[in-house]
Amino acid sequence: MQKNPHHGAGHSGLDGPPAGHPGGHPGGHPGGKPGGHPGGMVTTLADGTPACKLIAWEVTRSCNLACKHCRAEAHLEPYEGELDTAEAKALIDTFPQVGSPIIIFTGGDPMMRADVYELIRYATDKGLRCVMSPNGTLITPETAQKMRESGVQRCSISIDGPDAQSHDEFRGVQGAFDASMRGIEYLKEAGIEFQVNTTVTRANLSSFKKIFDLCEHIGAVAWHIFLLVPTGRAAQLGAEVITGQEYEDVLNWFYDFRKTTNMHLKATCAPHYYRIMRQRAKAEGVPVTPENFGLDAMTRGCLGGTGFCFISHVGQVQPCGYLELDCGNIRTTPFPEIWRSSKQFKQFRTQEDYEGKCGICEYHKVCGGCRARAYSMNDNYMGEEPLCTYIPKLAERRKA
Ligand code: HEM
Ligand SMILES: C[C@H]1O[C@@H](n2cnc3c(N)ncnc32)[C@H](O)[C@@H]1O
Ligand code: SF4
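Keep in mind the model is a prediction, meaning the values are calculated, not measured. (Residues numbered from 1 in each chain as written. Chains lettered and ligands numbered in written order. Predicted model: local features only at pLDDT ≥ 70, side-chain atom pairs only at ≥ 80, totals over all residues. Heavy atoms only, no water.)

**A word on the nonpolar core**
Which entries qualify depends on this criterion: Among buried residues, those of type Ala, Val, Leu, Ile, Met, Phe, Trp, Tyr and Cys that are joined through side-chain atoms within 4.5 Å constitute a nonpolar core. Each residue is assigned to one of three classes by its accessible area relative to the maximum for its type, calculated with a 1.4 Å probe on protein chains only: buried under 20%, partly exposed between the two thresholds, exposed over 50%. Contacts are assigned to residue pairs with any non-hydrogen atoms lying within 4.5 Å of each other.
Trp 57, Phe 95, Phe 105, Met 132, Met 147, Trp 223 and Phe 335 are the most contacted members of the largest nonpolar core, which has 107 residues in total. Leave out the neighbours within four places in its chain, and Met 132 touches Phe 105, Pro 110, Met 111, Val 116, Tyr 117, Ile 120, Met 147, Val 152, Arg 154, Cys 155 and Ser 156.

Okay, structure coming up:
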């Protein structure tokens, strides 16, 4: 079945997201719910600041797995200084001031935090849409029920290989694959939808089709791919980072593959995808509209600081989880003030502040490059995306 019927012709150059709506989006998402987004999505705050659409909140960093690529270098033991229940609720109180963000309760493993359901209930009651990203191994019928009762709209479960051997090897714990599969069954029994998140590495590149088949077989509503960022434990995984050309290949494959399935496929930390999608659509004469491309037509590659942010276990606000840039701490500065005024977030919202190719690229509006990779590979978070093969038109002209 064709998910994105490509009818319509006559494409006119670049279709970016509507101006002033960087990364409009979160959908594909946990379906509508009462109290969510009345009158449609807020795109800009009263003072012109872009609204925050999505917040990944690391409610705890503790985790029972030991993944080789973990950006958080998470371990099982408790971490010092995590926000307590009262601080966490006070933070939730501020979220509506930046828009109607979807809150991803992440970790570590968010299930390692005892009051997580209380917090989700609290946020749900404020009209916020809450999703959760446990690794899946700790889910029981009882906790799945608690998730449902607290209002969890969707869970993401990470699966990085098509079978137990490859997944367990990557995730550092024998039995992780089977335990996550069991957890998924409990989610299904509790009526909670789930998506699979997969990190792309050299090791699993050739298994992609098999991982997709698995997602389909187990009934995932979406498959989101993340491209490895060499940070945290992944800093030791240099050899697993694929090359710029391999990115082009896998994202072109993803573009074609998307047409063959009804499942919602999303390239999350692969900003180049939104350029490739437009290049391919243009070549095919297909306009990039929501009718043809769903939410992919309205979002952009890197949303860090423009439509998305990350809050760490100790309250540090960052553009994303993979870029440990201190943009302010909610313990000393109210979160909405950080979102509005942090120096770094303002930089991310201004193309002139980007360096190298990204600063002059005509695809900037839809891509932005991976800021975390620019930082981890070249020590410059405003530098050009290190793994992009595209030469912007302006650079071509300057060369000529
Ligand atoms: C279609 C809607 C969605 C969009 C546009 C979206 C976009 C993003 C973006 C931009 C990031 C940032 C990654 C980063 O740089 O840190 C992210 C991370 C993440 N997303 Fe989504 N997401 C969507 C839906 C979901 C849903 C429904 C879930 C869970 C059920 C989810 C789970 C995650 C997780 C776990 C992370 C990583 C947070 C971390 O660093 O631990 N996403 N997503
Ligand atoms: C939310 C998703 O982020 C993934 N994840 C964790 N660490 C990294 C990293 N260094 N690079 C890319 N993805 C990562 C998790 O495996 C999960 O699937
Ligand atoms: S990647 Fe996620 S599951 Fe793996 S160790 Fe880190 S926090 Fe835990």
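**Looking at the site of ligand 3**
The condition is simple: Residues are classed as near a molecule or strand on a simple rule: at least one heavy atom within 4 Å of it. Gly is placed with the polar residues, together with every amino acid not listed as nonpolar (Ala, Val, Leu, Ile, Met, Phe, Trp, Tyr, Cys and Pro) or charged (Asp, Glu, Lys and Arg).
Within the structure, ligand 3 sits among Cys 63, Leu 65, Cys 67, His 69, Cys 70, Ala 74, Gly 108, Asn 135, Arg 171 and Arg 233. Taken together, the residues that form the shell around ligand 3 break down as five nonpolar, three polar and two charged.

**Notes on the pattern of salt bridges**
Close approach of charged atoms lets side chains of opposite charge pair. For clarity, the cut-off: One side-chain nitrogen of Lys or Arg within 4 Å of one carboxyl oxygen of Asp or Glu is enough to make a salt bridge. Strands here mean DSSP runs of E at least two residues long; helices mean DSSP runs of H or I at least four residues long; both are numbered from the N terminus.
Taken as a whole and judged by the stated rule, the model has 22 salt bridges. The residue Glu 385 makes a salt bridge to Arg 373 at a minimum N-O spacing of 2.7 Å. Taken together, the residues Glu 385 in the loop between helix H13 (371–378) and helix H14 (393–399) and Arg 373 in helix H13 connect sequence positions twelve residues apart. Overall, Glu 385 belongs to the buried group, its relative accessible area being 4%. Assessed through its relative accessible area of 0%, Arg 373 is described here as buried. Taken together, the shared-partner salt bridges in this structure form one network comprising Glu 58, Arg 61, Arg 71 and Glu 324.

**Describing the pairing of strand E4 (residues 154–158)**
Stated formally: What makes two strands pair is DSSP finding at least two bridges between them. Handedness of a crossover is defined as follows: with both strands directed away from the viewer, a clockwise route from the first strand across the helix to the second makes it right-handed.
Burial of E4 is extensive: five of the five residues sit out of reach of the surface. Residues Arg 154, Ser 156 and Ser 158 line one face of E4 and the alternating positions Cys 155 and Ile 157 line the opposite face, and both faces are buried. Sheet topology note: the strand E3 (residues 130–132)/E4 ladder contains two bridges and is parallel. Note that in E4 the partner of Val 131 across the bridge is Arg 154. Crossover handedness for the path E3 to helix H3 (residues 141–150) to E4: right-handed. The pairing of E4 with strand E5 (residues 193–200) spans five bridges and is parallel. Following the sheet pairing, Cys 155 is matched in E5 by Phe 194.

**Re the UniProt feature "domain: Radical SAM core" (unreviewed entry) in the protein**
Going by this rule: UniProt positions are given in the numbering used here, feature names are shortened, and annotations may be inferred rather than shown by experiment.
Sites flagged by UniProt as "domain: Radical SAM core" (unreviewed entry) map to residues 45–270. Between the first and last C-alpha atoms of residues 45–270 the distance is 27 Å; the span itself is 35% helix and 16% strand.

**A closer look at the pairing of strand E1 (residues 54–58)**
The buried fraction of E1 is high, at five of five residues. Burial along E1 is two-sided: Leu 54, Ala 56 and Glu 58 and Ile 55 and Trp 57, pointing in opposite directions, are all buried. Sheet analysis places E1 next to strand E2 (residues 102–106), joined by five bridges and oriented parallel. Looking at the pairing, Trp 57 lines up with Phe 105 of E2. In the sheet, E1 pairs with strand E8 (residues 308–311) via four bridges, with the strands oriented parallel.

**Topic: the sheet that holds E1**
Strand order in this open sheet of nine strands is E7-E6-E5-E4-E3-E2-E1-E8-E9, and the pairing throughout is mixed. Two strands bound the open sheet, and with one partner strand each, they are strand E7 (264–267) and strand E9 (317–318).

**Here we look at the side chain of Thr 261**
Rules: Identification of polar contacts relies on pairs of N or O atoms within 3.5 Å, with a donor-acceptor requirement for protein atoms, meaning one able to donate a hydrogen and the other able to accept it, and with residues adjacent in sequence counted only if both atoms are side-chain atoms.
If you trace the backbone, Thr 261 turns up in the loop between helix H7 (244–258) and E7. Judged by relative accessible area, which is 3%, Thr 261 ranks as buried. Engagement of the side chain of Thr 261 in a polar contact is seen with the backbone nitrogen of Met 263, the distance being 2.8 Å.

**Here's the deal with helix H5 (residues 176–190)**
Definition in use: To estimate the expected span of a helix, subtract one from its residue number and multiply by 1.5 Å.
With 15 residues, H5 should reach 21 Å at 1.5 Å per residue; the first-to-last C-alpha distance of 21 Å fits that figure. Three or more residues of H5 are buried, namely Ala 176, Phe 177, Ala 179, Ser 180, Met 181, Gly 183, Ile 184, Leu 187 and Ala 190. Where H5 is buried, its residues touch H3, E4, helix H4 (164–171), E5 and helix H6 (208–218). The positive-phi residue at the C-terminal boundary of H5 is Gly 191, with phi of around 80 degrees.

**Here's the deal with unusual backbone geometry**
Residue Gly 108 is reached from Gly 107 by a cis peptide bond, and omega for that bond is 25 degrees. Within the fold, Gly 108 resides in the loop between E2 and helix H2 (116–125). Its identity is not glycine, yet Glu 73 carries a phi of approximately 45 degrees, on the positive side. Position of Glu 73 among the secondary structure elements: in the loop between E1 and helix H1 (85–94). Residue classification places Glu 73 among the partly exposed residues on the basis of a relative accessible area of 44%.

**A short note on the packing of aromatic side chains**
The test is simple: Centre distance within 6.5 Å is the pairing criterion for rings of Phe, Tyr and Trp, where only the six-membered ring of Trp is used; planes under 30 degrees apart are then read as stacked, over 60 as edge-to-face, and the remainder as tilted. Sitting over a ring, as applied to charges here, requires NZ of Lys or CZ of Arg to be within 6 Å of the ring centre and within 35 degrees of the ring normal.
Counted under the stated rule, the structure contains 15 aromatic pairs. Where Phe 95 meets Phe 335, the ring centres are 5.5 Å apart and the plane angle is 85 degrees; that geometry is what we call edge-to-face. Residue Phe 95 is found in the loop between H1 and E2, and its partner Phe 335 is found in helix H10 (residues 335–341); the two are separated by 240 residues along the sequence. Taken together, Phe 208, Phe 212, Trp 223, Trp 253, Phe 254, Phe 257, Tyr 273 and Tyr 274 form an aromatic cluster joined through their ring pairs. A cation over a ring is seen here: Arg 258 above Tyr 255, with NZ or CZ 4.6 Å from the ring centre. Looking at Arg 349, its charged tip hangs above the ring of Trp 339, at a distance of 4.7 Å from the centre.

**Notes on H2**
Residue pairs three or four apart in sequence face the same way in an α-helix, which turns once every 3.6 residues. Filter applied, for reference: Arc definition: it is the arc formed by the directions from the helix axis to the C-beta atoms.
For H2, the complete set of buried residues consists of Val 116, Tyr 117, Leu 119, Ile 120, Ala 123 and Thr 124. For H2, the arc enclosing every buried residue in end-on projection is 160 degrees, short of the 170-degree limit, so these residues lie on one face. Contacts from the buried residues of H2 go to E1, H1, E2, E3 and H3. Of the residues one or two after H2, Gly 127 is the one with positive phi, at around 90 degrees.

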